[in-house]
Protein chains: 2
Amino acid sequence: MSELASWRDGTAKQAIQAFVADVDARGVPDDERVAVFDNDGTLWAEKPMPTQLHYLLQQWAAAASADPELAATQPYTAAVSGDFGWLGGAIDKHYAGDDSDLGLIIRAIVRATDGVSVEDYEASVADFYAKAKHLTLKTPYSGAVYQPMVELLRYLEQAGFTCYIVSGGERDFMRPMTVEYYGIPPERVVGSALGLKYTDDGTVRYGADLAFFDDGPEKPVRIWSRIGRRPLLACGNSNGDVQMLEYASGLRLLVHHDDDTGRGDVPYDKGAEDALTRGFTEISVRNDWASVFAT
Amino acid sequence: MSELASWRDGTAKQAIQAFVADVDARGVPDDERVAVFDNDGTLWAEKPMPTQLHYLLQQWAAAASADPELAATQPYTAAVSGDFGWLGGAIDKHYAGDDSDLGLIIRAIVRATDGVSVEDYEASVADFYAKAKHLTLKTPYSGAVYQPMVELLRYLEQAGFTCYIVSGGERDFMRPMTVEYYGIPPERVVGSALGLKYTDDGTVRYGADLAFFDDGPEKPVRIWSRIGRRPLLACGNSNGDVQMLEYASGLRLLVHHDDDTGRGDVPYDKGAEDALTRGFTEISVRNDWASVFAT
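So, here's what we can say about the structure.

Conventions adopted
- Residues numbered from 1 in each chain as written.
- Chains lettered and ligands numbered in written order.
- Predicted model: local features only at pLDDT ≥ 70, side-chain atom pairs only at ≥ 80, totals over all residues.
- Heavy atoms only, no water.
- Least-squares fit on C-alpha atoms with pLDDT ≥ 70 in both.
- Contact = heavy atoms within 4.5 Å.
- Axes fitted to C-alpha atoms, helices over the stretch in contact; angles between N-to-C directions.
- Helix = DSSP H or I, 4+ residues; strand = E, 2+ residues; numbered from the N terminus.
- Parallel < 35°, antiparallel > 145°, perpendicular 65-115°, else oblique.
- Left-handed = near helix turned anticlockwise from the far one by under 90°.
- Nonpolar A, V, L, I, M, F, W, Y, C, P; charged D, E, K, R; others polar.

This paragraph deals with the relation of the copies chain B and chain A. Overlaying chain B on chain A yields an RMSD of 0.0 Å, the required transformation being a rotation through 180° with an accompanying axial translation of 0.0 Å. On the angle and the small slide along the axis, the relation comes out as a two-fold axis. When each C-alpha of chain B is compared by its distance to the rotation axis, arginine 226 of chain B comes out closest, at 3.5 Å. Take the interface residues of chain B: 100% of them recur as interface residues in chain A, which is what a same-surface contact looks like.

Next up on the list: the packing of helix α5 (residues 84-95) of chain A against helix α6 (residues 100-113) of chain A. Residues and elements named next belong to chain A. One way to put it is that α5 packs onto α6 with a least axis distance of 7 Å and a crossing angle of 120°. Taken together, the axis directions place α5 and α6 in an arrangement best described as oblique. Read as a crossing pair, α5 and α6 show a hand that is left-handed. In contact with Trp86, Leu87, Ala90, Ile91, Lys93 and His94 of α5, α6 contributes Ser100, Asp101, Leu102, Leu104 and Ile105. In terms of residue class, the contact of α5 with α6 is made up of seven nonpolar, two polar and two charged.

Here the focus is the packing of helix α1 (residues 11-25) of chain A against helix α8 (residues 147-158) of chain A. Helix-helix packing: each pair is described by the crossing angle between the helix axes and the interaxial distance. Residues and elements named next belong to chain A. Put simply, α1 and α8 touch, their axes get as near as 11 Å, and they point 15° apart. As judged from the angle between their axes, α1 and α8 are roughly parallel. For the element pair α1 and α8, the recorded crossing hand is right-handed. Contact residues: α1 offers Ile16, Gln17 and Val20, while α8 offers Leu152, Tyr155 and Leu156. Among the residues making up the contact of α1 with α8, the classes are represented as five nonpolar, one polar and no charged.

By themselves, these observations are geometric and do not establish any function.
Following this line, the structure appears as structure tokens:
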């Protein structure tokens, strides 16, 4: 694992090793060795749709079957009919700057947990991970994890780094799987957050709002809030990761899904040339990874 | 340090030791051993005023001297005249349920950092801690730290606990001193937060708002947001800590400043009897601590 066994001896691996050697040579203290990773499309696959949408489809379909009026609106219609295209399109529209469909999704996300305790949601999500299969890989979602990235997390930890997830995905949907899938504990999972409230029965419950969407310029803000340090390394795969990468003072890694397996994730749409001018180091899935998933 | 040397062999020390023995006997995994501590009045003195007000007085006096119109308003008038009574009264009024003066303070707090980078503020606060003297103890603020509590932090850590600060005080005002004073790194400091924004020059800066005031029912919310676990142990000293103590599933410690040194901090106003009915374990400064400050 720690030897980056799934990485080809290409430019990305060499850049990572040179970065760690430089940090060591400069004697950077361990507590400044902070690395941040996007999740969807960076640590695991986000096609044909983000994992959370799969979970929500189940929740929305159940809610729609109990409420015909609800079933006539999006995203419940899509959930009942299995129209994944509408959902994937909402994400594509977001990355193109149009958040109209995303707004409907966010409203339905909030509705699914309004008033639910954090423990009950945690149990529901854990149950999903225990039973669900990735829609195209047909494996449990652990099979959608990018093996080279797990090796990179361990490689950095062995070099004294502390690794965090900083995702546009919802924080408490990730937490039930991050220890098992990535070795990242819940206190190091940063993500979009539903509003929370404390109720007199001693319980923290979700409210009727989205507290923040952890994407784009929000990512550096959430990194500072949670960690209180500027990261040395950041790794992402999409336009929503650009500010996080710029915020990192050292190595800025951009995963480029240029393989031809049909797993291609949400692209960083400026392409490799622009990434180079920004000082990002491209991770080419085709050229830098010897294998993609754990076998 | 780890032997609770500054604690008398009284009820509080015995309760702490019994709690840790029980956690060990039940084989609770280390990652579930989470402890949360209020800061002002719990880990260090908050009289004659919270430390941050001392810092802000300096900032406000400087701002008022450059702007006579500002100098005619509170809290700038208090800062220029050295009328600490108005400021202390604002906190007392808050704990009595009247936030009118606190509102003026919050507006001035926000104004002091609006547009400032987190790094510049960090440097300014670090400079304050390096130079300022506690107003009555006449020592650096490290001398206002409660020695028994530092010993408790180390005692819990040796028992596999991870300790967090969860304070009504402002997060980034605490972070520059928590490693040195308490051995708590910035990622484990939770507190009230100024709004943040990311600017195109790759910098995180404070905005013109208070994001949230981490007090009362907000404390369990922020504990879940940051840590993603319910703590086993919580320790506080005031009404603002009640919900945090209720949220802890194991030992709930309430520091009671019943000594006669004039250091008495903001009280938990329901008294020891009510604390007992809530299942809180009282830490009597007079009876449970052999010494208060490091000498």
